[in-house]
Amino acid sequence: MHPTACLATQLAGQRLAVLGGGLTGLSTAFYLSRQHPDAQIVLLEGSPRYGGWVRSVRATPSRIRPALLDEHAKPTGEHEEVIFEAGPRSVRPRGLEGWLTLDLVRQLGLTKELLVVDKNHVSAFNRFIYYPDKLVKLPSGITSLLRATLSSDSVLRSLLPALLGEPFRRRKPEQALQTDESVHSFFSRRFGDAFATNLVSGMVHGIYAGDTRTLSVGATFGSIAKLEQQYGSLIVALLRGGVKSDPEQTRLVKELQDLMPIDERTNLRSASVWSLRGGLETLTLGLEMALRRADNVTLSRDDPIQSIAHDPSGFTVSTTSTKHVTDRIVSTLSGPSLSSLLSADMPELTANGSVNVGVVNLAFANKPGKRLLPVRGFGYLLPRSVPEHQNPYKALGAVFDSDMMPEMHPPETEASPGYTKLSVLLGGAHWTGRSIESLPTDDELEIQALATVQSHLGISDLPTHSRVHMQRDCIPQYLVGHPDRMRTLHERIAQTYRGRLSVAGASYTGVGLNNCVKAAWSVSRAMATEQVTGLESFLAS
Ligand SMILES: C=Cc1c2[nH]c(c1C)Cc1[nH]c(c(CCC(=O)O)c1C)Cc1[nH]c(c(C)c1CCC(=O)O)Cc1[nH]c(c(C)c1C=C)C2
C-alpha cells in the first residue's frame with residue numbers, strides 16, 4: 001500500500017481532536033483527513049497563529065540604520081526585503097522522515113517552490129567550530145581527516161588518534177549494555193574526553209542547544225550507541241558496513257521518491273538541504289490552507305484548551321469558548337502542557353524540561369567586491385569548552401544563512417549589492433536554571449549577537465535588518481533515561497486511555513522538523529488498525 005494512501009479505517013464516523021497547531025499538529029490533521037476521509041477532525045490551537053516554531057519573517061530595513069550606511073550600500077525598493085527564519089531554516093532530505101516531509105511538499109502542490117542546495121555546495125561540507133579562539137573547519141571526509149593530522153590546530157590533530165584508538169577501547173560491561181548514559185559519558189568512553197568536550201558538545205549545541213552531560217545517548221544518538229552493543233566498536237561497525245538500512249523503510253522511501261516529479265527527484269537525491277521560497281513557513285501555511293479546504297476538518301485558533309475530561313466513551317475538551325466532545329485525541333502539545341490538562345498522573349510527561357534559545361537574525365548590506373564573512377560555509381558552533389572570555393554572551397553558534405541557502409536572497413543587482421544574512425543562536429543549556437526574567441531582553445540579545453560576530457567573525461558593520469526572537473521552551477531535552485520513561489509512559493497511556501489518546505511531536509520521538517512529520521504520519525497511519533499511543537517505537541529498542 002502506498003505510504004500516504006487513504007485507508008480502510010476503524011475511524012469511520014469518529015470525532016478526532018488534534019491538540020496543537022504547530023507543524024506536528026497541522027501534519028497530523030492533514031494525514032488524518034486524507035487517510036481517514038470518513039472521520040471528523042478538529043484541530044485546536046491556543047495561540048493566534050498556526051505553525052508553531054516554524055516562522056518565516058519578512059523584514060524590511062530598520063528605519064534608523066539605512067541613514068548610517070554608505071551611499072552605495074543603501075538598499076532600495078523591492079530589494080529591501082529579506083526573509084528571516086525564527087525557527088528551523090533548512091531540512092535534510094534523508095531517510096524515511098526526510099522523504100515524508102518532501103512528500104508533504106508534493107501533496108500540497110509546493111514542489112515548484114523548493115529551493116535545493118546541492119551536496120557539492122560549499123555549505124554542505126564547510127562547517128566550523130570556534131575553538132578555543134578561532135574558527136576551525138571540521139573534516140568532511142577521509143581526505144580532510146587525514147590532512148587534519150598535519151594541522152597546527154590541536155583539536156584537528158587529536159581527531160585521527162581518537163578515531164584510530166576507538167576500536168581498542170573497552171566496550172561497556174555486558175550487564176550495563178542496556179543501561180542509558182549521557183552523551184558525554186558515551187563519547188568520552190569511546191573517543192576520549194577531549195573529543196567529547198570539544199567536538200560532540202559543539203555538535204549537540206547545534207541540534208539540541210543542550211548539554212551533553214545531561215542528555216540521553218539512547219534518545220539522541222540511539223543508532224550509534226547500538227553499534228557499540230553489536231560490534232564493540234563504532235569504527236569496526238563502520239568498516240563492516242554495520243549501519244544497515246531497514247528494507248521496509250528503503251521500500252517506502254523509494255515509493256515516495258517515485259512520486260516526486262522527475263526534475264525535483266533528481267535534484268533532491270543529490271541535495272544537502274532544502275527550503276521553500278518564502279521560507280519554511282510556506283510549508284505550514286500550505287498545510288493550513290489544505291486543511292481549510294478539507295471537508296472533514298475544522299480549524300480553531302486563539303482559543304486555549306482549559307481542560308480535558310475523560311470517560312469510557314471519549315473526551316470532552318473545553319477551550320475558553322467551546323466544548324468539543326471527541327472519541328479520540330492526538331496530542332501534539334509539549335509533554336508538560338499535556339500533563340497540565342490530564343487528570344491522570346503521568347510524571348514522565350514532565351521529566352525532561354526544555355531550553356530557551358535567543359535567535360538573532362541579522363542582515364548586512366554587501367559592499368561591491370568585499371566579502372563580509374571571513375569563511376564560506378554553513379556556520380559555526382561553540383563547544384562548551386570555549387573559554388568564558390571568548391564567548392561571554394553564551395552563544396551556541398551562528399548559521400551563515402546567505403551562504404547556506406543562497407537562493408532565498410534577493411540577487412545582487414545594480415540597484416542593490418545584496419545582503420549577507422546570518423543568525424546567531426544564544427543560550428540554550430547555558431541558561432538552564434535561570435528564571436525567564438533574568439534572561440537578556442531583545443535589545444540586549446541583539447547587542448550581544450553583534451558583539452559575538454564582531455569578536456568571532458570580525459564583522460563590525462551595523463546590520464540593515466535585524467529581528468530578535470526569544471524562543472521559550474523551544475527544544476525539549478531528552479535527559480538520561482528518556483527511552484525507559486517513554487516505555488513507561490506508553491504503558492500508562494495504553495492502560496488509562498485504551499487507544500483513545502495518542503501523542504506525537506518534539507517532546508517524544510525527535511526534535512527535528514522531519515521527526516515531527518514522521519511522528520504525525522506514523523500515528524495517523526497506525527490509528528486505522530491499532531490502538532496507538534505514538535510511543536511504540538520505544539518498545540523495539
Ligand atoms: C547553533 C544552534 C543551532 C543550530 N541549529 C539548531 C540549533 C539549536 C537546531 C537544529 N539543528 C538541527 C536540528 C535537527 C534536525 C532539523 O530539524 O534540522 C535542530 C533542531 C540539525 C543539525 N544541525 C547541525 C547538525 C550536526 C545537525 C544534525 C544533522 C544534520 O542535519 O546535519 C549543525 C549545526 N547547527 C547549527 C549550526 C551553525 C551548525 C553547524 C555548523 C545551528
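Nothing here was measured: the structure is a model prediction, and the numbers come from that model.

1. Focus on the overall build of the chain
Item 1. Helix and strand counts for the chain stand at 20 helices and 19 strands.
Item 2. Radius of gyration (C-alpha) of the chain: 24 Å, near the 24 Å computed for a compact globule of 541 residues.
Item 3. The principal-axis extents of the C-alpha atoms in the chain amount to approximately 65 × 65 × 50 Å.
Item 4. Among the 541 residues that make up the chain, the fraction classed as buried is 55%.
Item 5. Pairs at least 24 residues apart make up 77% of the contacts formed inside the chain by residues separated by at least 6 positions.

2. Some points on the nonpolar core
Item 1. In terms of nonpolar packing, the biggest core is built from 55 residues, with F187, F195, L422 and V424 touching the most fellow members.
Item 2. Of all the elements, helix α8 (residues 193-208) adds the most residues to this core, at 6 residues.
Item 3. Shared between two domains, this core takes at least three residues from each, and those domains are domain 1 (64-92 + 118-122 + 353-476) and domain 2 (140-240).
Item 4. When residues no more than four places from it in sequence are discounted, the contact partners of V424 are G358, V359, V360, L362, A395, G397, A398, A449 and V453.
Item 5. Membership of the second largest hydrophobic core comes to 52 residues, among which are A29, W99, L280 and A294.

3. So, the site of the ligand
Item 1. Among the 21 residues in the neighbourhood of the ligand, the closest are listed as R92, G206, A398, G512 and L513.
Item 2. Protein chains shield 78% of the accessible area of the ligand, which is 770 Å² for the free molecule.
Item 3. Among the elements of the structure, α8, β15 (379-381) and β16 (395-399) are those that each provide at least two residues to the shell around the ligand.
Item 4. Its residues assigned to classes, the shell around the ligand comprises 13 nonpolar, 6 polar and 2 charged.
Item 5. For the shell around the ligand, the two domains that each supply at least three residues are domain 1 (64-92 + 118-122 + 353-476) and domain 2 (140-240).

4. A word on helix α14 (residues 281-293)
Each α-helix winds once per 3.6 residues, and so residues spaced three or four apart point in a common direction.
Item 1. Taking 1.5 Å per residue, 13 residues should reach 18 Å; α14 reaches 18 Å between its end C-alpha atoms and fits that length.
Item 2. Residues of α14 that are buried: E281, T282, L283, T284, G286, L287, E288, A290 and L291.

5. Comments concerning the domain arrangement of the chain
Item 1. Here the chain is partitioned into domain 1 (64-92 + 118-122 + 353-476) and domain 2 (140-240).
Item 2. For the interface between domain 1 and domain 2, the tally reads 1 salt bridge.
Item 3. Between R384 and D211 there is a salt bridge; the shortest N-O distance is 3.7 Å.
Item 4. At the junction of domain 1 with domain 2, the criterion picks out 6 residue pairs in polar contact (both at pLDDT 80 or more).

6. As for the packing of aromatic side chains
Item 1. Scanning the model with the defined rule gives 9 aromatic pairs in all.
Item 2. Aromatic pair F187 and F221: ring centres 5.4 Å apart, planes at 85 degrees, arrangement edge-to-face. Of this pair, F187 sits in helix α7 (residues 183-191) while F221 is found in the loop between α9 (217-220) and α10 (222-231), placing the two residues 34 residues apart along the sequence.
Item 3. A connected cluster of aromatic rings, assembled from ring pairs, spans F186, F187, F191, F195 and F221.
Item 4. One cation-aromatic arrangement involves R127 over F378; the distance from NZ or CZ to the ring centre is 4.4 Å.

7. Side note on the pairing of strand β12 (residues 323-326)
Item 1. Only one face of β12 is buried, namely the one carrying H324 and T326, since none of K323 and V325 on the opposite face is buried.
Item 2. Between the antiparallel neighbours strand β11 (residues 314-319) and β12 lie 3 residues.

8. A closer look at the packing of α7 against α8
Item 1. Orientation of α7 relative to α8, taken along the N-to-C sense of each, is 135 degrees, at an axis distance of 8 Å. Between α7 and α8, the interaxial angle falls into the category oblique. As α7 runs across α8, the sense of the crossing is right-handed. Packed against α7, whose contacting residues are V183, H184, F187, S188 and F191, the element α8 presents D193, F195, A196, T197, V200 and V204 at the interface.
Item 2. Looking at side-chain class alone, the contact of α7 with α8 contains 7 nonpolar, 3 polar and 1 charged residues.

9. Some thoughts on the sheet that holds strand β1 (residues 15-19)
Item 1. Pairing within the open sheet is parallel, and its 5 strands lie in the order β9-β2-β1-β13-β19. Looking at the sheet topology across the chains shown, the edges are occupied by β9 (297-300) and β19 (501-503). Taken over all neighbouring pairs, the strand axes of this sheet differ in orientation by 15 degrees on average, direction set aside.
Item 2. In this structure, β1 lies alongside strand β13 (residues 328-331), joined through 4 bridges in parallel fashion. Looking across to β13, one finds that A17 is bridged to I329.

10. Focus: the state of the cysteines
Item 1. On inspection of all chains with the given rule, the structure shows 0 disulfides.
Item 2. No disulfide involves C474; its sulfur sits 12 Å from the nearest other cysteine sulfur, which is in C516.
Item 3. The exposure class of C474 is buried, given its relative accessible area of 14%.

11. Things to note about unusual backbone geometry
Item 1. Residue P132 follows Y131 across a cis peptide bond; omega there is -20 degrees.
Item 2. Looking at the element boundaries, P132 is found in the loop between β6 (127-130) and β7 (135-137).
Item 3. Located in the positive-phi region is K394, a residue other than glycine, with phi close to 60 degrees.
Item 4. Judged by relative accessible area, which is 25%, K394 ranks as partly exposed.

Reading guide: rules and limits
- Residues numbered from 1 in each chain as written.
- Predicted model: local features only at pLDDT ≥ 70, side-chain atom pairs only at ≥ 80, totals over all residues.
- Heavy atoms only, no water.
- Helix = DSSP H or I, 4+ residues; strand = E, 2+ residues; numbered from the N terminus.
- Rg over C-alpha atoms; globule rule 2.2 N^0.38 Å.
- Buried < 20%, exposed > 50% of the residue type's maximum accessible area, 1.4 Å probe, protein only.
- Contact = heavy atoms within 4.5 Å.
- Core = buried A, V, L, I, M, F, W, Y, C linked by side-chain atoms within 4.5 Å.
- Domains from an automatic or database assignment.
- Near = heavy atom within 4 Å.
- Areas by Shrake-Rupley, 256 points an atom, 1.4 Å probe, with all protein chains shown as cover.
- Nonpolar A, V, L, I, M, F, W, Y, C, P; charged D, E, K, R; others polar.
- Expected span 1.5 Å × (residues − 1).
- Salt bridge = Lys/Arg side-chain N within 4 Å of Asp/Glu carboxyl O.
- Polar contact = N/O pair within 3.5 Å; in protein donor to acceptor, adjacent residues only side chain to side chain.
- Phe/Tyr/Trp six-rings, centres within 6.5 Å; stacked < 30°, edge-to-face > 60°.
- Lys NZ or Arg CZ within 6 Å of the ring centre and 35° of its normal.
- Pairing = 2+ DSSP bridges.
- Axes fitted to C-alpha atoms, helices over the stretch in contact; angles between N-to-C directions.
- Parallel < 35°, antiparallel > 145°, perpendicular 65-115°, else oblique.
- Left-handed = near helix turned anticlockwise from the far one by under 90°.
- Disulfide = S-S within 2.5 Å.

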